[in-house]
Every structure is written in C-alpha cells, then in structure tokens.
Amino acid sequence: MTYDCLIIDDEKLLADSTAEYFNLFDVTTAIAYSVSDCRDFFKENTAKLLLLDINLGDGSGFALCKELRVTTEIPILFISARTSEDDQIVALSIGGDDYIQKPYSLSVLLAKVRAVLKRYGGKETEKYDDGYLCVDFNARQIFVNQIPVKLTSLEFKLLSYLIQNASRLITKQEIFKKIWEDKFTGDSTLNVHIRKIREAIEREPSNPEYILTVWGDGYKFNGGKQ
C-alpha cells in the first residue's frame, strides 16, 4: 500500500496523535516506532514522505536516513526536540529535506506536509542537457559526464528551479518562497543544500561553473554551456 506519510518516531503518543490528525484531513499516514519497524514497513508498503525523529529506541534517525537514501529519494523531514544547529546541519547534509522542531503545531505541520506532497506531486516535461550535465525533469534523473548522481528531492527541486530560470538572478527570498514555501528557512539551510548540489554536479565545487553566487542577493544558474 502507498501512504502519503510515514511517521518514524518512538514517542508513541505524539506519533499516534499526529497520524490520527493527518488521517482526519485525508493525508494517509502510517507509523513506525523504531528503525526495525521502518524496515518492515518498506517490505510491503511505500510512502510519499517521511517524518523522521533523530532519537529512536533501536538506532539513530541520522543512520536510518543514510540507509534510506541508498534506495529512495522521497522527501525526509526530520522532527526532533534537539535544538543544536549542528544537528540541523547534519540532518540536511545526509539527505534530509527539512528540520522541524518539537513540540510542533499539528496544523502547521500538516500544512507543511501538504505543501511538500504538492510540490513533488507534479512532473516536469523538459530536459536540460549540455553534454556534461543532463537533468531529466520528468524522470527526475541527473547525469554528470554520463554518470548518474543522486540528490535529495528538495535539492532536485532547487536545482530544477535554478535551471528553469537560468536567464535571471534568483534571490534568496524567491528561493525560500518557491522551494520551501514558508518563511522559516534561513541562509544556513540554503547554503547546505547549495553546497551539496555543487558537490554533485560541479567539476570543482569550490570554483563552481553552474551555480554562481551573487553575493548578498542570491544565485544564478550559468546555462550558457548548451
């Protein structure tokens, strides 16, 4: 069975109440209380989005995220009571798409989940290919020098948006509005994602040719290689 959302959290009361709330609003939601429960879930089911806690009874959410990223690119939103900025940076660096602080508002979290599901529900119909970098928006595939590379769902969305607006400067504010669709994302979060994309597609990530920084303003995709 395919669910809209899978919650992976060992705080049973919170996970149960969140799932019950989501299901009331037609966001079909399942629960895994542990790493092993999550693995069992994916043996027979799929999910379009994951809400993943960092501290799980039988393992780490960080380790589980790395494991899942080997086989799936579905959005992974970390939910945690941990407030360290280092934790947030790690979460994004290993493939997480967002970091949500506990305790959270159920209505706000539902709105965020719906926005993410809507964001990744559509398909693009174009392709970018300059002979070195190829991005198939419809198939959600990226090739660098004919070798497939992987990005998280949010990173793919960000790269796609930059490519499709290659003729102009994209401000940070526009990126926050169009990609994250909320006002709670900061520069550090965006910087982590830009760095991960550069590491995946640039010949020299420290001297990028594709994703150019316009200091103080935002970014611009250099698509003149076509």
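Here, residues in each chain are numbered from 1, in the same order as that chain's written sequence. Confidence filtering applies because this is a predicted model: local features only for residues at pLDDT of at least 70, side-chain atom pairs given and counted only at 80 or more, and all residues used for totals across whole chains, interfaces and linings. The side-chain figures draw on all heavy atoms in the structure; neither hydrogens nor water molecules are used.

*Asks:* Give a description of the overall build of the protein that names residues and reports values.
*Replies:* Here a helix means four or more residues in a row that DSSP labels H or I, a strand means two or more in a row labelled E, and each is numbered from the N terminus. Summing up its helical and strand segments, the protein has 8 helices and 16 strands in all. Relative to its 226 residues, the protein shows a buried fraction of 49%. Relative to all contacts within the protein whose residues are 6 or more apart in sequence, the contacts with residues 24 or more apart total 58%. For the protein, the accessible surface area stands at approximately 11200 Å², while carbon and sulfur atoms represent 50% of it. In the protein, which carries 28 positive and 34 negative side-chain charges, the distance between the mean positions of the two groups comes to 4 Å. Exposure classes here rest on a 1.4 Å probe applied to the protein chains alone. A residue is buried below 20% of its type maximum, exposed above 50%, and partly exposed in between. Two residues form a contact once any of their heavy atoms are found within 4.5 Å. Using a 1.4 Å probe, accessible areas were evaluated by the Shrake-Rupley method; residue-level cover was limited to the displayed protein chains. Charged residues are defined narrowly, with Lys and Arg counted positive, Asp and Glu counted negative, and His plus the chain ends left uncounted. Charge positions are represented by NZ for Lys, CZ for Arg, CG for Asp and CD for Glu.

*Asks:* So what's going on with helix 8 (residues 187-201)? Which residues, and what values?
*Replies:* Between the first and last residue of a helix there are one fewer steps than residues, each counted as 1.5 Å, and that sum is the expected span. Its 15 residues give helix 8 an end-to-end C-alpha distance of 21 Å, which sits within 8% of 21 Å, the value for a rise of 1.5 Å per residue. For helix 8, every residue scored as buried is listed here: Thr189, Leu190, Val192, His193, Ile194, Ile197, Arg198, Ala200 and Ile201.

*Asks:* Break down the sheet that holds strand 11 (residues 133-136) for me, citing the residues and quoting the values.
*Replies:* On the basis of which strands lie adjacent, the open sheet formed by 4 strands has the order 10-11-12-13 and antiparallel pairing. Every other strand in the sheet has two partners, leaving strand 10 (127-129) and strand 13 (147-149) as the edge strands with one partner each. On average, adjacent strands in this sheet sit at an angle of 20° to one another, irrespective of strand direction. When DSSP locates at least two bridges between a pair of strands, those strands are taken to pair. Bridge analysis of strand 12 (residues 141-144) against strand 13 gives 3 bridges, and the strand direction is antiparallel. Each axis is a line fitted through C-alpha atoms, and for a helix only the stretch in contact is used; angles between axes span 0 to 180 degrees, taken between their N-to-C directions.

*Asks:* Tell me about the state of the cysteines, and name the residues and values.
*Replies:* For the purposes of this analysis, a disulfide is any pair of cysteine sulfur atoms at a distance within 2.5 Å. For the structure on display, the rule yields 0 disulfides. Of all cysteine sulfurs in the structure, the one in Cys38 sits closest to Cys5, which takes part in no disulfide; the separation is 12 Å.

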